[in-house]
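# Report on the structure
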Amino acid sequence: MVRDAIAQDLPPRLQERQRRFAGNQSEPGDTMEWTRILAGRGWTVPHWPVEYGGCGWSPMQLFVFQDELIRAGAPDSCWGGTHMCGPVIYTFGSEEQKAKFLPAIRNGDYFWAQGFSEPGNGSDLANLRTAAVRNGDVYVVNGQKIWTSCAWASEWGFFLVRTDPTVKPQRGISFLLIDLKSPGITIRRIPQINGEAELCEVFLDNVEVPVGNLVGEEGQGWTYAKFLLDHERTTSSFIYFNKAAVELAKAVAASRTLDGVTLDRHPRFQGRIAQLEAEVTALEWSVLRVLANEHFQYPEAAAASVLKIVGSRLQQALSELHVDLMGAESLRLYPAEVAERPIRSSLWSEESEYLTSRALILRAATIYGGSLQIQKNIIAKIAFDL
Amino acid sequence: MDFNYSDLQRMLLDSAERFIAEHFTLERRRHLRDSGSGLDDTAWNTFAELGWLALAIPDEFGGLGGSPADVSVLAAALGSKCVSQPFVTTAVQGVHFLANAEVPRTELLEQIAGGTARLALVHTEPGERYANAEKRQTQLKPDGQDFRLTGQKFFAPDAALATHFVVSAELPGEGFALVLVEAGADGIDSVNYPLIDGSRASDIAFNGTAVSLDAILAKGPDAAALLVDAQDKAMTARLAQAVGSMEEILRICSSYLKERKQFGQQIGKFQALQHIMADMFVATHQSRSALYQALANSDKDRAARSKALALAGITIGEASQLVSRQGIQLHGGYGVTDEYEISHHYRYLLTLEKIAGDIDHHIRRASGT
Ligand SMILES: Cc1cc2nc3c(=O)[nH]c(=O)nc-3n(C[C@H](O)[C@H](O)[C@H](O)COP(=O)(O)OP(=O)(O)OC[C@H]3O[C@@H](n4cnc5c(N)ncnc54)[C@H](O)[C@@H]3O)c2cc1C
């Protein structure tokens, strides 16, 4: 049912762009176009409470739905809106904020950027310095954010800012919604290792933000940020992507020959594919255990770190395998944007246009969202009190 | 065994390190990658003036007669700044073809030394994965005294910047042959494109290109041997480039660990990162040893040399992956931008590993399969 509906709704053009995309997330324009289409079925935020537009599906149903979207080759949703600030807004936000922002997120009216990291504060986020000083009805914000994915294409951002420099770092942070078209905001796109420039620097120079855009209470921003990161424990496994990447590896191997034999019959490649498939399969079951609310002997956050560690490592290992399967063919540099690529000659495979680019940016998978080292520190600390 | 540098090598290294560090800034390399042909004319002239393009040319042809060990000193210096100019294809591989042809090409060797000629090997055909001197689809068809060259070639590194091609083809009655073709000759259709390290490669179609009898560099088993020897020389130089790049990564990362602060301290104080740095050091150290092993065997018979090179290729390929991946990891978000050196080393090392025989290829070569 769901599968048929997706197949019916997904425009072939979007599906093709998604298949050939060069980054680690879909182009914002494609995401928004698809969100507006899905909104027609009321399926953009199925995981939200029903009163805010959710579908009331069980965790397993949600899992299957996500899996189907990826299998169909649909663009990603705007995660920042649907999975990050949306839940924060309906849990902690004011009635005005709910009325203004939740329908807009549901309907794909604007793209959201996450303004947390700063040049001097990445892993050590709690020490962030961008300051918001209250002045009548507005906060005046000054500072700089970095790694703000897709800020250049976003209408709004949810930011962590320091409203009180005198208290313990975590206590002085607030959660602000900022219109990125506000005067005083300058956005610079950062050229990346894979030729894209989705990452941005956001400079805030005396930006006035209405106090009505403060979510919840002043000084509680850190708690909300933790809520937001905990809220979707299983997404960092990238399980759907990892499953798709295994299938892709098999296809790439089967379409190339060496000494007259396809690569999927060469023992070394055959072995690598089987090993990665084994790990992805185990990861899927690790995800299912979390979804089923299994009672863990260890704190739940330790299991979430397992998903992040394995999920990010597998994304890298699978993309490394894709590159290895292509051999020298992996070295050609293509424009990141699909529409700018030269017309493909029959000498080149379609996947050579994007698999290397993806592998390059996936080096970031063990860096963003809590680096590999930070995840290991967390496990050592919370699981074993070390 | 003497692992210290000779006087010639010291001199090379001094001039190389100075010029390369001053000239090949990150900005310049990014500019070269994004615009024009990819060739750095100024640098190429300097390469000629400093004698680098004559280094591997034997004395009897007016060169410096440098050994593979001498070449590797220079190659490592080039690797330290991710230089992707066509040095290896022209001044190492190309020189070997010309100096060891049935009739050595002295005039062209002089032009190479002077910086006016560049050579690229045009060998791989569509669908091939690291081809040896196997039967070619590309044909040399007799045409009176001379020949016509017809066939499709795929992925020829540095061909876009070359003045001359060494093309492999099937010669009726002789089998495998190597011929010298001017890049500007009639009947050549090239599609040029950039690679991720900023260099250029080409797919080239020959549509009845006229080739004279004396353009044949070698034929039959001699041609096959010439191809293998030239490719092995190129591979040795590329291994040295990789070692130079990794050694530079150690320098870049260790200073970053001292500069960058998180949680109120240098991130280099975190033992997790100290151990990563130590792993990178171990792999890089082993890589230089592997390079020396390959160099020590470079004048042995073909089988011994080939085995030695394949083993070095495995060690250095795996080390390149570890060192470049961890190098990015240590940099956090800065590691995946185009504005920091480390991501350029990543792409450079990936290119060196894959361009003419990857780890899998060397494993099969070393195990004789
Ligand atoms: C592709 C990408 C997209 C991103 N998107 C966003 C976004 O949309 N919004 C946003 O706010 N941020 C985003 N980020 C930022 C990301 O969350 C940070 O890069 C991350 O938190 C790491 O911070 P850093 O880059 O400053 O690295 P650093 O914190 O400086 O880390 C450098 C190195 O030190 C290690 N390290 C740090 N502390 C410790 C420790 N205590 N023990 C051991 N090792 C340690 C790290 O693991 C890493 O190897 C993105 C990053 C990337 C790469």
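Here the structure is a predicted model, which means the values were calculated and not measured.

The rules behind each value
Residues numbered from 1 in each chain as written. Chains lettered and ligands numbered in written order. Predicted model: local features only at pLDDT ≥ 70, side-chain atom pairs only at ≥ 80, totals over all residues. Heavy atoms only, no water. Domains from an automatic or database assignment. Buried area = accessible area lost by both parts, 1.4 Å probe. Salt bridge = Lys/Arg side-chain N within 4 Å of Asp/Glu carboxyl O. Helix = DSSP H or I, 4+ residues; strand = E, 2+ residues; numbered from the N terminus. Nonpolar A, V, L, I, M, F, W, Y, C, P; charged D, E, K, R; others polar. Polar contact = N/O pair within 3.5 Å; in protein donor to acceptor, adjacent residues only side chain to side chain. Contact = heavy atoms within 4.5 Å. Buried < 20%, exposed > 50% of the residue type's maximum accessible area, 1.4 Å probe, protein only. Pairing = 2+ DSSP bridges.

### Focus on the domain arrangement of chain B
All names here are of chain B. Domain annotation of chain B identifies domain 1 (7-117), domain 2 (120-219) and domain 3 (227-367). Domain 1 and domain 2 are separated by 23 Å when their C-alpha centres are compared. A buried area of about 1600 Å², summed over both sides, lies between domain 1 and domain 2, and 58% of it is on carbon and sulfur atoms. Summed over the three residues of domain 1 that lose the most area to domain 2, namely Phe97, Glu102 and Arg105, the buried surface amounts to 33% of that side. A salt bridge links glutamate 102 to lysine 219, with the nearest nitrogen and oxygen atoms 3.6 Å apart. Ranked by the residues each element gives to the side of domain 1 that touches domain 2, the list is headed by helix H5 (residues 87-99), at 4 residues. Residues belonging to the side of domain 1 that touches domain 2 are distributed by class as follows: 8 nonpolar, 8 polar and 3 charged.

### Brief notes about the side chain of Ser237(A)
All names here are of chain A. Along the chain, serine 237 falls in the loop between helix H7 (221-231) and helix H8 (239-254). Within polar-contact distance, the side chain of serine 237 engages the backbone oxygen of threonine 234 at 2.7 Å. Leave out the neighbours within four places in its chain, and serine 237 touches Asn242, Leu283, Val287, Leu307 and Gly311.

### Some details on the pairing of strand S1 (residues 119-122) of chain B
Residue and element names in this part refer to chain B. Here S1 shows two buried faces, one formed by Leu119 and Leu121 and the other by Ala120 and Val122. Across 4 bridges, S1 lies against strand S4 (residues 164-171) in parallel orientation. Looking across to S4, one finds that alanine 120 is bridged to phenylalanine 165.

### Considering the interface of chain A and chain B
Each side of the interface is counted separately: chain A has 45 residues, and chain B has 45 residues. Buried surface at the junction of chain A and chain B, both sides included, amounts to about 3800 Å², of which 63% is carbon and sulfur. In terms of surface lost to chain B, no three residues of chain A exceed Ile193(A), Leu331(A) and Leu347(A), which account for 18% of the buried area on that side. Inspection of the chain A/chain B interface yields 4 salt bridges. One salt bridge connects Arg325(B) with Glu320(A), and the closest N-O pair in it is separated by 3.4 Å. Across the contact surface, chain A and chain B share 22 residue pairs in polar contact (both at pLDDT 80 or more).

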